[in-house]
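Architecture at a glance
Chain residues, written in single-letter form:
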Amino acid sequence: MKYKAKDFSYNTGNLRCPACDGTGQITLDVQFLPDVDVVCPECKGSRYAKAAWQVCYEKEPGKRYSLPQMMAMDVNTALQAAGDWKVVRQRLEVLRDLGLGYLTLGEATPGLSGGEAQRIRLATQIGSGLVGVAYILDEPSIGLHQRDNDKLLRALMRLRDLGNSLIVVEHDEDTMRADIWMCLQRCKSCFPPFPHKL
């Protein structure tokens, strides 16, 4: 069967699970108690219908991945599995470079932190190749380990070097010292004025 791009959507696609409408869970109405969300018994949380398990990518003989299996992979694992697809590899590398290698491809958007969602949008922009754009970021390093913060800074520099402008509202000192324009949120009681040139 031939599928169109829209068929792969959890929201409206023909391959989404009909029992849970692509959410991966169903709500049980428990009388006199709050409703309970449980893993969908039909798709077992994969969010896809049985037909999706027939849509496969074969990397090499014996290494075959179905669509739900691919969507359950984190970015780092998916890079190894589908790294020979040029466009897919490029997009996944941007996510990895932004410190998002641990996210699964099918990660539910409501489960993302604000910083993760912001970095996914940033990855989309980096992947688009647009130049001459002004980006305003509100504390993109929040919640990041220092190692991932360094990755974020490298990605921001890459975006800047492509010919874009960056305005970053940030409290992290390493980010503020970076060679990009900053809007510093200052609070006299918690953040002294910065005495040196950025």
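Here goes a summary of the coordinates provided. These numbers come from a predicted model, not from an experiment.

A complete count under the given rule lists three aromatic pairs for this structure. Summarising the aromatic geometry, the rings of Y3 and F8 are spaced 5.9 Å apart at their centres and angled 65° between planes, so their arrangement reads as edge-to-face. What makes Y3 partly exposed here is its relative accessible area of 25%. Since its relative accessible area comes to 27%, F8 is described here as partly exposed.

Backbone geometry at F32 places phi at a positive 65°, although glycine is not the residue there. Along the chain, F32 turns up in the loop between β1 (25-28) and β2 (36-39). A positive phi angle is found at R47, which is not glycine, with a value near 80°. Relative to the helices and strands, R47 resides in the loop between β2 and β3 (56-60).

For the rest of this paragraph, the subject is the pairing of β3. Summarising the sheet, β3 and strand β4 (residues 63-66) pair through four bridges and their orientation is antiparallel. Across the sheet, residue Y57 finds its bridge partner in β4, namely Y65. Hairpin connection of β3 to β4: two residues between the antiparallel strands, including G62 at a positive phi of 95°.

With that out of the way, let us pick up the pattern of salt bridges. Between side chains of opposite charge, a pair can form when the charged atoms approach closely. On inspection of all chains with the given rule, the structure shows six salt bridges. In this structure, E93 engages R89 in a salt bridge whose closest nitrogen and oxygen atoms are separated by 3.7 Å. In this pair, E93 and R89 are both assigned in helix α3 (residues 86-97), four residues apart and thus about one turn of the helix distant. On the basis of relative accessibility, which here comes to 28%, the residue R89 falls in the partly exposed class. Of the charged contacts in the structure, one is a salt bridge between R158 and D97, with a shortest N-O distance of 3.6 Å. Remark: D97 occurs in helix α3 and R158 occurs in helix α5 (residues 146-161); sequence separation between them is 61 residues. Residue classification places R158 among the partly exposed residues on the basis of a relative accessible area of 37%. Its relative accessible area of 27% is what places D97 among the partly exposed residues. In the salt-bridge network here, residues are joined through shared partners; they are R96, D97 and R158.

Glancing now at the layout of surface pockets. Taken as a whole, the largest pocket spans an internal volume of roughly 980 Å³. M71, L92, L95, T104 and L105 are, among the 35 residues lining the largest pocket, the residues nearest its centre. Where the lining of the largest pocket is concerned, the elements lending two or more residues are β3, β4, α1 (67-71), α2 (75-82), α3 and α4 (114-128). No other element matches α3, which puts five residues into the lining of the largest pocket. Residue composition of the lining of the largest pocket, grouped by class: 25 nonpolar, seven polar and three charged.

Cut-offs and rules
Residues numbered from 1 in each chain as written. Predicted model: local features only at pLDDT ≥ 70, side-chain atom pairs only at ≥ 80, totals over all residues. Heavy atoms only, no water. Phe/Tyr/Trp six-rings, centres within 6.5 Å; stacked < 30°, edge-to-face > 60°. Buried < 20%, exposed > 50% of the residue type's maximum accessible area, 1.4 Å probe, protein only. Helix = DSSP H or I, 4+ residues; strand = E, 2+ residues; numbered from the N terminus. Pairing = 2+ DSSP bridges. Salt bridge = Lys/Arg side-chain N within 4 Å of Asp/Glu carboxyl O. 1 Å grid on protein atoms, 1.4 Å probe; cavity = no way out; pocket = protein on both sides within 12 Å on 5 of 7 lines; lining within 4 Å. Points joined across faces, edges and corners; volume = space filled by probe spheres on them. Nonpolar A, V, L, I, M, F, W, Y, C, P; charged D, E, K, R; others polar.

This is a description of form; function is not addressed.
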